[in-house]
Amino acid sequence: MPLPPDNFNPPVGQAIQLSRGLRRILAPNPSPMTYRGTNTYLVGERDIAVIDPGPLSESHLDAILSALLPSQRISHIIVTHTHLDHSPLAKPLSERCGAPIYAFGGPESGRSEIMQRLVQNGLRSGGEGIDLAFRPDIEVEDKDLIEGEDWAFEIIHTPGHLGNHIALGWGELCFTADHVMGWASSLVSPPDGDLTDFMQACQDLRARPWSVFHPGHGAPVTDPAARIDWLIQHRLSRETGILRALEDGHATAHDLAKRIYTETPASLLGAAERNVFAHLIDLTNRSLVVPTQELSETSEFNLLA
């Protein structure tokens, strides 16, 4: 059930007006994992909040600063999560403009109990694209408010893609970063990502009457409820595929990824394997599968009779 194609291809480095008090600047970091690049948002008329400054890029830093009018200043820098395509430019931007950096915490903040246990038991894989050096000036929590002169964001903790991932509610709009993207589903890679948390966060967002999502990658999502329903069904279809594959006997995440992701380019099979492992952890938690040895990324799994 693929997403429909979109025509999202804005010019890099230009501040595009999306609505009153809201602009978007596309960062110069296109890739198979970031689509056209990271969306940086500028919110406000005078005091400007910068959401997700993006990757370490001098040209993107210049683009953000050049977008300011003479009457404007950056008052807040907000990082939704600590991946290298979202957070590294926060510190250089803060040094240039003096604004504090807000985030849920450092790279291990919000990690679920089972993921902490896996790390303690020796899990060493994962860690794709994590900004290990990131530390915010001000840590925020679920339901906190960050307020500016003419805007206020509600912090919505949306772990799953990353434990410290947050979305930002602004009236009927929501900045969903990488939890709900405008072009694909999100990578969930243990121990940084947790599929159980991801699915719960989808349900939490689905329960609210949003009019539009502004994602970290891709075009605005103008039917938020339908996109979340698609995300949930997409994950459930992967789950069904894994359970059916295990009817043929025990298998590892690697084996299952090769059998299920038959149309995925070889360069992305590693990410697919991480997604399958995330599903297997979730299915283990729900007593639907069982590892044949201690739970790890190399474990073989069986259906639980």
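Since we're looking at a predicted model, the values are computed, not measured.

## As for the side chain of asparagine 39
Its place among the elements puts asparagine 39 in strand E3 (residues 39-43). Judged by its relative accessible area of 1%, asparagine 39 falls in the buried class. A distance of 3.4 Å separates the side chain of asparagine 39 from the side chain of tyrosine 41, its partner in a polar contact. At 3.1 Å, the side chain of asparagine 39 and the backbone oxygen of proline 215 are in polar contact. The residues contacting asparagine 39, other than those within four sequence positions of it, are Phe8, Arg24, Ile25, Leu26, Ile51, Asp52, Pro215, Gly216, His217 and Gly218.

## Things to note about the pattern of salt bridges
Taken as a whole, this structure holds eleven salt bridges when the rule is applied. A salt bridge links arginine 259 to aspartate 248; the shortest N-O distance between them is 3.4 Å. Taken as a pair, arginine 259 in helix H6 (residues 253-260) and aspartate 248 in the loop between helix H5 (224-246) and strand E13 (251-252) lie far apart in primary sequence, eleven residues in all. Under the relative-accessibility criterion, aspartate 248 is labelled exposed at 66%. For the salt bridge of arginine 286 with aspartate 282, the shortest nitrogen-to-oxygen distance reads 2.7 Å.

## Quick look at the packing of helix H1 (residues 58-66) against helix H2 (residues 90-97)
One way to put it is that H1 packs onto H2 with a least axis distance of 11 Å and a crossing angle of 45 degrees. Between H1 and H2, the crossing angle belongs to the class labelled oblique. Both H1 and H2 take part in a crossing whose hand is right-handed. From H1, Glu58, Leu61, Asp62, Ile64 and Leu65 reach across to H2, where they touch Pro92, Leu93 and Arg96. Of the residues contributing to the contact of H1 with H2, the split by class is five nonpolar, no polar and three charged.

## Overview of the pairing of strand E2 (residues 22-26)
Burial runs high along E2: five of the five residues are buried. Residues Leu22, Arg24 and Leu26 point to one face of E2 and Arg23 and Ile25 to the other, with burial holding for every one of them. Bridge analysis of strand E1 (residues 15-19) against E2 gives four bridges, and the strand direction is antiparallel. Looking at the pairing, alanine 15 lines up with isoleucine 25 of E2. Between the end of E1 and the start of E2, which pair antiparallel, lie two residues, with glycine 21 showing a positive phi angle near 75 degrees. Pairing of E2 with E3 involves five bridges; the strand directions are antiparallel. Paired with arginine 24 across the strands is tyrosine 41, a residue of E3.

## Considerations on the packing of aromatic side chains
Working definition: an aromatic ring pair is given by the centre-to-centre distance plus the angle between the planes. Throughout the structure, instances matching the rule amount to eight aromatic pairs. On the numbers, 5.9 Å between centres and 80 degrees between planes, the contact of phenylalanine 153 with phenylalanine 175 is edge-to-face. In this pair, phenylalanine 153 sits in strand E9 (residues 152-157) while phenylalanine 175 sits in strand E11 (residues 173-177), placing the two residues 22 residues apart along the sequence. Of the two residues, phenylalanine 153 and phenylalanine 175, neither departs from the other in class, the shared state being buried. The interplanar angle of 20 degrees and the centroid separation of 6.2 Å between the aromatic rings of tryptophan 170 and phenylalanine 175 together place this pair among those described as stacked. For the cation-ring pair, arginine 235 lies above phenylalanine 198, with the distance from its terminal atom to the ring centre recorded as 5.5 Å. Above the plane of the ring of tyrosine 261 lies arginine 238, whose end atom (NZ or CZ) is 4.1 Å from the centre.

Rules used in this analysis
- Residues numbered from 1 in each chain as written.
- Predicted model: local features only at pLDDT ≥ 70, side-chain atom pairs only at ≥ 80, totals over all residues.
- Heavy atoms only, no water.
- Helix = DSSP H or I, 4+ residues; strand = E, 2+ residues; numbered from the N terminus.
- Buried < 20%, exposed > 50% of the residue type's maximum accessible area, 1.4 Å probe, protein only.
- Polar contact = N/O pair within 3.5 Å; in protein donor to acceptor, adjacent residues only side chain to side chain.
- Contact = heavy atoms within 4.5 Å.
- Salt bridge = Lys/Arg side-chain N within 4 Å of Asp/Glu carboxyl O.
- Axes fitted to C-alpha atoms, helices over the stretch in contact; angles between N-to-C directions.
- Parallel < 35°, antiparallel > 145°, perpendicular 65-115°, else oblique.
- Left-handed = near helix turned anticlockwise from the far one by under 90°.
- Nonpolar A, V, L, I, M, F, W, Y, C, P; charged D, E, K, R; others polar.
- Pairing = 2+ DSSP bridges.
- Phe/Tyr/Trp six-rings, centres within 6.5 Å; stacked < 30°, edge-to-face > 60°.
- Lys NZ or Arg CZ within 6 Å of the ring centre and 35° of its normal.

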